[in-house]
Amino acid sequence: MSFRTELKEFLMRGNVVDMAVGIVIGAAFGKIVTSFVNDILMPPIALLFGQGSFADLKVVLKQAAIDAAGTEIPAITWNYGAFIQAVVDFLIVGTAIFMVIKAMNSMKRKKEEAPTPNPEPTKEETLLTEIRDLLKNK
């Protein structure tokens, strides 16, 4: 089997296509969550801290300076606000994914719990049952 044929079979499997769709939807979902955190959730929290943006919270470890040649040496900062914002993003995404999976599992359980009708016996089973009953009556 050629490489091209194997690759085509692999890419056309249902799982790969499902995974690709999941990645695209996940990326879009990530953008929505990031916007929710950055634009809706964090501004009121930043207001509590008296900052313009929560991501701007930082501790300056070393101030910016200008060396002897006149080049600016940037400040060294510890950006804890951006880290906290990333953690909040993660928690919101994790919670949302948990809720989606929980709903899917609930629907799956309901489907499994649905009673299945007893299948009709095959002709062989019917014939064997009749033979058994005849032998029992002798």
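Residues numbered from 1 in each chain as written. Predicted model: local features only at pLDDT ≥ 70, side-chain atom pairs only at ≥ 80, totals over all residues. Heavy atoms only, no water.

## Some words on the overall build of the chain
In terms of helices and strands, the chain carries 4 helices and 4 strands. When the helices and strands of the chain are read in sequence order from the N terminus, they spell out α-α-β-β-β-β-α-α. For 138 residues, the compact-globule estimate of 2.2 N^0.38 gives 14 Å, and the C-alpha radius of gyration of the chain, at 32 Å, exceeds that figure by more than 25%. Here the C-alpha coordinates of the chain stretch approximately 115 × 50 × 20 Å along the principal axes. Of all intrachain contacts in the chain linking residues separated by at least 6 positions in sequence, the fraction that spans at least 24 positions is 38%. Accessible surface for the chain amounts to roughly 12100 Å². Of this, 67% is attributable to carbon and sulfur atoms. In the chain, the 15 positive side-chain charges and the 15 negative ones have mean positions that sit 4 Å from each other. (Helix = DSSP H or I, 4+ residues; strand = E, 2+ residues; numbered from the N terminus. Rg over C-alpha atoms; globule rule 2.2 N^0.38 Å. Contact = heavy atoms within 4.5 Å. Areas by Shrake-Rupley, 256 points an atom, 1.4 Å probe, with all protein chains shown as cover. Lys, Arg positive; Asp, Glu negative; His and termini not counted. Charge placed at Lys NZ, Arg CZ, Asp CG, Glu CD.)

## Thoughts on the pattern of salt bridges
As enumerated under the stated definition, the model contains 1 salt bridge in all. A salt bridge links Asp 133 to Arg 132, with the shortest nitrogen-to-oxygen separation between them at 3.3 Å. A relative accessible area of 32% places Asp 133 in the partly exposed class. A relative accessible area of 46% places Arg 132 in the partly exposed class. (Salt bridge = Lys/Arg side-chain N within 4 Å of Asp/Glu carboxyl O. Buried < 20%, exposed > 50% of the residue type's maximum accessible area, 1.4 Å probe, protein only.)

## Some details on the nonpolar core
One finds Val 33, Val 37, Met 42, Ala 46, Phe 54, Leu 57 and Val 88 forming the largest nonpolar core, which totals 7 residues. Examining the composition of this core, we find that 4 residues originate from one element, helix H2 (residues 14–49), more than from any other. Excluding residues within four positions of it along the chain, Val 37 makes contact with Met 42, Pro 43, Gln 85, Val 88, Asp 89 and Ile 92. (Core = buried A, V, L, I, M, F, W, Y, C linked by side-chain atoms within 4.5 Å.)

## Looking at the packing of aromatic side chains
This model, assessed by the stated rule, comprises 1 aromatic pair. Taking 5.8 Å as the distance between ring centres and 45 degrees as the angle between the ring planes, the aromatic pair formed by Trp 78 and Tyr 80 counts as tilted. (Phe/Tyr/Trp six-rings, centres within 6.5 Å; stacked < 30°, edge-to-face > 60°.)

## So, helix H3 (residues 80–113)
The first and last C-alpha atoms of H3 sit 49 Å apart over 34 residues, in line with the 50 Å expected at 1.5 Å per residue. Of all the residues in H3, the buried ones are Gly 81, Gln 85, Val 88 and Asp 89. (Expected span 1.5 Å × (residues − 1).)

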